[in-house]
Amino acid sequence: AENPITVTPDDHLKRVVEIFLNNPFRRLPVVEDGKLVGILTVRDLIKVIADMNIERSVEEYVSGTVVCVWDGMPLSIAC
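The following refers to the structure shown. Every chain is numbered independently, its residues counted from 1 as its sequence is written. Thresholds applied to this predicted model are a pLDDT of at least 70 for local features of residues and 80 or more for the giving and counting of side-chain atom pairs; totals over whole chains, interfaces and linings are not thresholded and use all residues. Side-chain measures here rest on the full set of heavy atoms in the structure, leaving out hydrogens and waters.

Glancing now at the environment of R26. For helices the rule is a DSSP run of H or I covering at least 4 residues; for strands it is a run of E covering at least 2, with both sets numbered from the N terminus onward. Structurally, the position occupied by R26 is in the loop between α1 (13-22) and β1 (27-32). Exposure is judged per residue with a 1.4 Å probe applied to protein chains only, and the accessible area is read against the type maximum: over 50% gives exposed, under 20% gives buried, and values in between give partly exposed. On the basis of relative accessibility, which here comes to 54%, the residue R26 falls in the exposed class. A C-alpha to C-alpha distance of 17 Å links R26 and L36, two positions ten residues apart in sequence. Setting aside its immediate chain neighbours within four residues, R26 contacts F20, L40, T41 and V42. Residue contacts are counted whenever heavy atoms from the two residues lie within 4.5 Å of one another.

So this is what it looks like as structure tokens:
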């Protein structure tokens, strides 16, 4: 890509989360002084969350909306 979305080592995790939420990719280049210094993944963020030892049930995060489709379903019906 001509102008890929990147972060720097000093960016806040909130920015990284917002980028992942608003884009379809699961990896994010980390760049410093114009050079690639690493890759941040969705899995990396999950690890950060796991290390927080959050003691909550999933109940408050579960979506009640579930749409089941199969590979042959016409798009007009799926939407």
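Looking now at a nonpolar patch on the surface. Patches here: salt-bridge-free residues with over 30% relative accessible area, like charges joined within 9 Å, nonpolar side chains (Val, Leu, Ile, Met, Phe, Trp, Tyr) joined within 5 Å. The protein chains shown are the only cover counted for residues, whose accessible areas, like all others here, come from Shrake-Rupley with a 1.4 Å probe. For this document, the term salt bridge refers to a Lys or Arg side-chain nitrogen within 4 Å of an Asp or Glu carboxyl oxygen. Taken together, L13, V48, I49, M52 and I54 make up a surface patch of nonpolar side chains, about 440 Å² in accessible area. For L13, the position within the fold is in helix α1. Among the residues examined, L13 registers a relative accessible area of 42% and is labelled partly exposed.

Moving on to the pattern of salt bridges. Enumeration according to the criterion identifies three salt bridges in this entry. The residue D11 makes a salt bridge to R15 at a minimum N-O spacing of 2.8 Å. K47 is the partner of D51 in a salt bridge, and the nearest nitrogen-oxygen pair spans 2.9 Å. Placement of both D51 and K47 in helix α2 (residues 42-51) is noted, with a separation of four residues, approximately one turn of the helix.

Any two strands are treated as partners once DSSP identifies two or more bridges connecting them. As judged from the six bridges shared by β1 and strand β2 (residues 35-41), these two strands associate in the antiparallel manner. Along β2, the bridge assignment pairs P29 with I39. Between β1 and β2, which pair antiparallel and follow one another directly, the connecting turn spans two residues, one of which, D33, has a positive phi of 55°.

This part covers the nonpolar core. The tendency in soluble globular proteins is for nonpolar side chains to be buried side by side. Among the nonpolar cores identified, the biggest contains nine residues, and these are V7, V16, I19, F20, L28, V30, L40, V42 and L45. Elements with a minimum of two residues in this core: α1, β1 and α2. No other element matches α1, which puts three residues into this core. Other than its neighbours up to four places away in sequence, V42 contacts F20 and R26. In this description, a nonpolar core means a group of buried Ala, Val, Leu, Ile, Met, Phe, Trp, Tyr and Cys residues linked to one another through side-chain atoms lying within 4.5 Å.

Here the focus is α1. The complete set of buried residues in α1 reads V16, I19 and F20. The buried residues of α1 occupy an angular sector of 95° when projected down its axis, which confines them to one face. Facing away from the buried surface of α1 by more than 90 degrees, the exposed residues are K14, L21 and N22. Directions are taken from the helix axis to each C-beta atom, and the arc is the one they span.

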